[in-house]
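# Close look at the chain arrangement
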Amino acid sequence: MTNSRVLISGAGIGGPALAFWLAERGLQVTVVERAEGLREAGYKVDVRGSATEVLRKMGLLAACQAADTGMRRITYVKSNGVPIAALPADLLMGRRGDDLEIMRWDLSRILHDATADRVEYVFGDAVDTLQDGPEGVDVTFEKGAPRRFDYVVGADGLHSATRRKVMGATPLSHLGAYISIYTVPNLLGLEREEVMYSRPGRLVFAYAMEPDQPARVGLTFASPLLDVDRRDVAGQKALVRAAFAGQGWKVPEFLDAMDDAPDFYFDSMSQVELPSWSAGRVALLGDAAHCPAPASGQGTSLALVGAYLLGRHLGTPGGFSAYERAMRPYAEKNLAFGRKMAKDMVPGGRLSIAFRNYGMRTLKYHPRKEQMIDRILAPMHEAANAIAI
């Protein structure tokens, strides 16, 4: 196996994490990434439960903890900006033990740096065609010369090109909402604080680490599946503007900042559900195989755990089947949690928002608030720890 050549498509989280484990076994690993370098855009992500144990086994937990966002407070506001409630972030987010929150690019950089001296990274290129055969997978690239690999892994996200090439078009499971995230000026002077603002069918959140640094704003809105061209950024921005027109608070300023944002992101809240995560010598990892949707907060953890398991089994007899048997119950538990959270992430009508706001306003006075939050977040902790590492 030490002479086996493995191509991984995608240098986000799952790809470099898998490269780490394969390199540990002495395999020859190439990671190809369409972007010209590590993507510096993104948002904060959670690493919970079993995934923190993966980072510990990699020897990277301390580095990730050092890069933790250190968010201290979550504040709910009215349309005039007056706070409804301000609560400790760790309480509301339900972090326990070694759970951490980290900016996506920080985690990507840590994983890349831990593998860069043992793994070939090819930036600014992408897979064009895959031809699976008895001697290996013949791969052509958009720019580079053709090469043959023993195995190929698609770690290329929700809209995986690898998945499409080997399994055909796969309809996504739309969860009834869309989300946009991008960088804006830190108009609120936020410092390790996240601010939440709810309107019927819409949620706006903004957070920043330091008052002199840019903030990230997120806008989610309920909607049936729309006919959206993923390449039409102007059309996506028009949808966001239409959905949030006249919504009050700082929303007009956030919308005005959209065109200058270097990292505009827009997508549906969708899941990937497949009967199999492999075909021949090609396998899928992370969101490409089983995206739980952003509402779950578990996509990063799934990618890390999946990389650990696939890294152990790839190239062994029945390896892809063993990887799937070990990973599927954990993935399905987290997909179920993602479906539940998608309903909670986008607010309902005015009455449900008023009820939620009352709960937030009175929670800090409750003598057993920790126990109350633990009961509410029990499904999240169960999903995060649904596999033993």
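Residues numbered from 1 in each chain as written. Predicted model: local features only at pLDDT ≥ 70, side-chain atom pairs only at ≥ 80, totals over all residues. Heavy atoms only, no water.

If you check an unreviewed UniProt entry, the protein appears there as FAD-dependent monooxygenase from Actinoplanes sichuanensis.

The secondary structure content of the protein amounts to 14 helices and 18 strands. Expected size for 389 residues packed as a compact globule is a radius of gyration near 21 Å; at 21 Å, the protein falls within 12% of this value. Its C-alpha atoms give the protein principal-axis dimensions of roughly 65 × 45 × 40 Å. Relative to its full complement of 389 residues, the protein shows a buried share of 53%. Summarising the internal contacts of the protein: among those between residues at least 6 apart in sequence, 71% fall at separations of at least 24. Just so you have it, the protein exposes about 16,900 Å², and 51% of that area is on carbon and sulfur atoms. Across the protein, the mean location of the 46 positive side-chain charges is 6 Å away from that of the 45 negative side-chain charges. (Helix = DSSP H or I, 4+ residues; strand = E, 2+ residues; numbered from the N terminus. Rg over C-alpha atoms; globule rule 2.2 N^0.38 Å. Buried < 20%, exposed > 50% of the residue type's maximum accessible area, 1.4 Å probe, protein only. Contact = heavy atoms within 4.5 Å. Areas by Shrake-Rupley, 256 points an atom, 1.4 Å probe, with all protein chains shown as cover. Lys, Arg positive; Asp, Glu negative; His and termini not counted. Charge placed at Lys NZ, Arg CZ, Asp CG, Glu CD.)

Time to look at the packing of helix 1 (residues 14–24) against helix 10 (residues 299–313). Where helix 1 meets helix 10, the axes come as close as 8 Å, and the angle between the chain directions of the two elements is 30°. Taken together, the axes of helix 1 and helix 10 lie roughly parallel to each other. As helix 1 runs across helix 10, the sense of the crossing is right-handed. Mapping the contact onto sequence places Gly14, Ala17, Leu18, Trp21 and Leu22 in helix 1 and Ala303, Leu304, Ala307, Tyr308, Leu310 and Gly311 in helix 10. (Axes fitted to C-alpha atoms, helices over the stretch in contact; angles between N-to-C directions. Parallel < 35°, antiparallel > 145°, perpendicular 65-115°, else oblique. Left-handed = near helix turned anticlockwise from the far one by under 90°.)

Let's shift gears to the sheet that holds strand 13 (residues 193–199). Hydrogen bonds between backbone groups are what pair the strands of a sheet, and the pairing can be parallel or antiparallel. Taken in spatial order, the seven strands of this open sheet run 5-4-13-14-15-12-16, and their pairing is mixed. On the outer flanks of this sheet lie strand 5 (83–88) and strand 16 (265–271), each paired with one strand and no other. Here the average twist between neighbouring strands, direction ignored, is 20°. Inspection of the sheet shows strand 14 (residues 202–208) paired to strand 15 (residues 215–222) by six bridges, in the antiparallel sense. Considered in strand 15, the bridge of Phe205 is made with Gly218. (Pairing = 2+ DSSP bridges.)

All right, on to helix 7 (residues 233–244) then. Because the α-helix completes a turn every 3.6 residues, residues three or four places apart line up on one side. In this model, helix 7 (twelve residues) spans 17 Å end to end at C-alpha, consistent with the 16 Å of a helix rising 1.5 Å per residue. Taken residue by residue, helix 7 has Gln236, Lys237, Val240, Ala243 and Phe244 as its buried positions. Along helix 7, the residues classed as buried sweep out an arc of 125° about the axis, all on the same side. Opposite the packed face of helix 7, turned more than 90 degrees from it, sit the exposed residues Ala234 and Ala242. (Expected span 1.5 Å × (residues − 1). Arc of directions from axis to C-beta.)

The next point concerns the nonpolar core. Of all hydrophobic cores here, the largest spans 60 residues; its most connected members are Ile8, Met58, Ile102, Leu304 and Leu314. The leading source of residues in this core is helix 10, at eight residues. Leaving out residues up to four positions away in the same chain, Met58 has contacts with Ala17, Phe20, Trp21 and Leu111. Membership of the second largest hydrophobic core comes to 30 residues, among which are Ile84, Leu87, Ile181 and Leu363. (Core = buried A, V, L, I, M, F, W, Y, C linked by side-chain atoms within 4.5 Å.)

A positive phi is found at Arg192, a non-glycine position, where the angle reads about 50°. Considering the arrangement of structural elements, one finds Arg192 in the loop between strand 12 (173–184) and strand 13. At Trp249, a position not held by glycine, the phi torsion is positive, near 55°. By secondary structure assignment, the location of Trp249 is in the loop between helix 7 and helix 8 (251–256).

To continue, consider the packing of aromatic side chains. What the rule picks out here adds up to 13 aromatic pairs. Each ring, one from Tyr121 and one from Phe123, has its centre 5.9 Å from the other, and the planes form 10°; the classification is stacked. For Phe123, a relative accessible area of 26% gives the class partly exposed. Between Tyr178 and Phe221, the aromatic rings sit 5.8 Å apart at their centres with planes inclined by 20°, giving stacked as the arrangement. With Tyr178 in strand 12 and Phe221 in strand 15, this pair connects stretches of sequence that are 43 residues apart. (Phe/Tyr/Trp six-rings, centres within 6.5 Å; stacked < 30°, edge-to-face > 60°.)

Turning our attention to the sheet that holds strand 9 (residues 136–141). Across the sheet, which stays open at both edges, the three strands sit in the order 8-9-10 with antiparallel pairing between neighbours. The open sheet is flanked by strand 8 (127–133) and strand 10 (147–149), the only strands paired with a single partner. Averaged over all pairs of adjacent strands, the angle between strand axes in this sheet comes to 25°, irrespective of strand direction.

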